[in-house]
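# A closer look at the structure
As a plain string of letters, each chain reads:
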Amino acid sequence: MRDMGEKRRHGHGHGHGHGHGHLVGFGVGGVGHAEHEEKRMEQKKLDMSGMCMDTLPHLTTPLGNITTLDLSNNNLQSIPESIIARLLNVVVLDVRSNQLKSLPNSIGCLSKLKVLNVSGNLLQELPATIEECRALEELNANFNQLTRLPDTLGFELHGLRRLSVNSNKLAYLPSSTSHMTALRSLDARLNCLRALPDGLENLGGLETLNVSQNFQYLRELPYGIGLLVSLRELDVSYNSIAALPDSMGCLTKLARFSAAGNPLVCPPMDVVEQSLDAMRAYLSARMNGTAKAKKKSWVPKLVKYSTFSAGMMTPGRTKNNSTDGLHMSDYQSLHGGGIASPGFLSMLSPRRLFSPRRNSTKH
């Protein structure tokens, strides 16, 4: 049997004149099968990069089998709608470094598309139909002329993990960005951002955020940035930010931070440059101090207007004959021994102070 196997692998000697012609037919794990698989994979990837094309030629290849299409580094000014519409199984589409002024609307037909690279073109906007690419995980649109992104982009692209839109002309990111809950990396540097979107705290898995070099346009960061519990890298350098939100004292996983080139007053730049721990401690202390100040400002007013009467005394408190109401000594100050959490602020809310539980008596 071993001899027969050897004969099969060698095409029964040299008498057939076909040498390797039977390699595919025999030995599924042999070299022939590997070559066949390699050719099959090559057929699934169509590489037309760096061919100095101004227009795409007529393609006779069955595009329905293509999973990767690389048209990068050409001079393409447009891509025919019909070609994109035939890429039913494409997973990676790379059209970077061309002269594209627009993308075809048929891009919405690419239901299996996971990676789209359109960087280094002349795009002023992305087609609204891009929202139909619900399998998209990575969108790279750097170095274009984008002035806006589709408003509802985040409502549909729930699986997007990486969004890169640096070096454009964006004044705002869409409010729907806060719905991209799978996002791990957001790069929006070198734009004209005036503000970051509300609801940023919803991006609980975000690990890298770069909004540097928006220069005179970006003047503040939202409070929610301190609630990005997974954030490891944050770059806000070369903006016009004077104060960092106190909530950033909660960024316990933050390992890399840059705020160079900002007119920082709070915290002072020497604190920021000292260490991340020093910055967190400074902002945490401010958070505790702010909470303490708010508490002290509420209580005298509540006492002055008899908000707390003798009947609302909580168990454990004693009534003073000379004064009616709440004793200031009953309040314990908050001591910031560690990193502050924004959750403790709820302890000082009016809703808690007016809680019906203060009317109850333990038996």
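Preceding block: the structure.
Residues numbered from 1 in each chain as written. Predicted model: local features only at pLDDT ≥ 70, side-chain atom pairs only at ≥ 80, totals over all residues. Heavy atoms only, no water.

## Some points on the overall build of the chain
Note the threshold: Per the convention used, a helix needs a DSSP run of H or I reaching at least four residues, while a strand needs a run of E reaching at least two, with both numbered from the N terminus. When a residue's accessible area, from a 1.4 Å probe over protein chains only, is under 20% of the maximum for its type it is buried; when over 50% it is exposed; and in between it is partly exposed. Throughout, a contact is declared for two residues whenever any of their heavy atoms are within 4.5 Å. Using the Shrake-Rupley algorithm and a 1.4 Å probe, accessible areas are obtained, with residue cover drawn only from the displayed protein chains.
A tally of helices and strands in the chain yields seven helices and 10 strands. Across the 363 residues in the chain, those meeting the buried criterion constitute 40%. Of the contacts made within the chain by residues no fewer than 6 positions apart, 38% connect residues no fewer than 24 positions apart. Accessible surface for the chain amounts to roughly 20100 Å². Of this, 52% is attributable to carbon and sulfur atoms.

## So, the sheet that holds strand β10 (residues 256-258)
We count it as follows: Pairing between strands is defined by DSSP: at least two bridges between the two strands are required. Only C-alpha atoms enter the line fits that serve as axes; for helices the fit covers just the stretch in contact. Angles between N-to-C directions range over 0 to 180 degrees.
The 10 strands lie next to each other as β1-β2-β3-β4-β5-β6-β7-β8-β9-β10, forming an open sheet whose pairing is parallel. The open sheet has two free edges, formed respectively by β1 (45-47) and β10, since each of these has just one partner strand. Each strand of the sheet is rotated relative to its neighbour by a mean of 5°, with strand direction disregarded. Relative to strand β8 (residues 208-210), strand β7 (residues 185-187) is paired through three bridges, and the arrangement is parallel. Bridging from a neighbouring strand, Ser185 pairs with Thr208 of β8.

## A look at the pattern of salt bridges
The criterion, for reference: For this document, the term salt bridge refers to a Lys or Arg side-chain nitrogen within 4 Å of an Asp or Glu carboxyl oxygen.
Counted according to the given criterion, the structure contains eight salt bridges. For Arg148, the salt bridge is made with Glu125, and the minimal N-O distance between the two is 3.8 Å. Here Arg148, found in the loop between β5 (138-140) and α4 (153-156), pairs with Glu125, found in the loop between β4 (115-117) and β5; they are 23 residues apart in sequence, far enough to count as distant. When its relative accessible area of 36% is taken as the criterion, Arg148 is described as partly exposed. You can call Glu125 partly exposed: its relative accessible area is 45%. The structure contains a network of salt bridges with shared partners spanning Glu125, Arg148 and Asp151.

## Focus on unusual backbone geometry
Following Cys266, the chain continues to Pro267 via a peptide bond in cis, the omega torsion being -5°. With respect to the element layout, Pro267 can be found in the loop between β10 and α5 (269-274). Positioned with a positive phi, Phe143 is a non-glycine residue whose angle comes to about 55°. Within the element layout of this structure, Phe143 appears in the loop between β5 and α4. Assessed through its relative accessible area of 52%, Phe143 is described here as exposed. Of note in this structure, Ser167 is not a glycine but carries a positive phi near 60°. Looking at the secondary structure, you find Ser167 in the loop between β6 (162-164) and β7. A relative accessible area of 14% means that Ser167 is categorised as buried.

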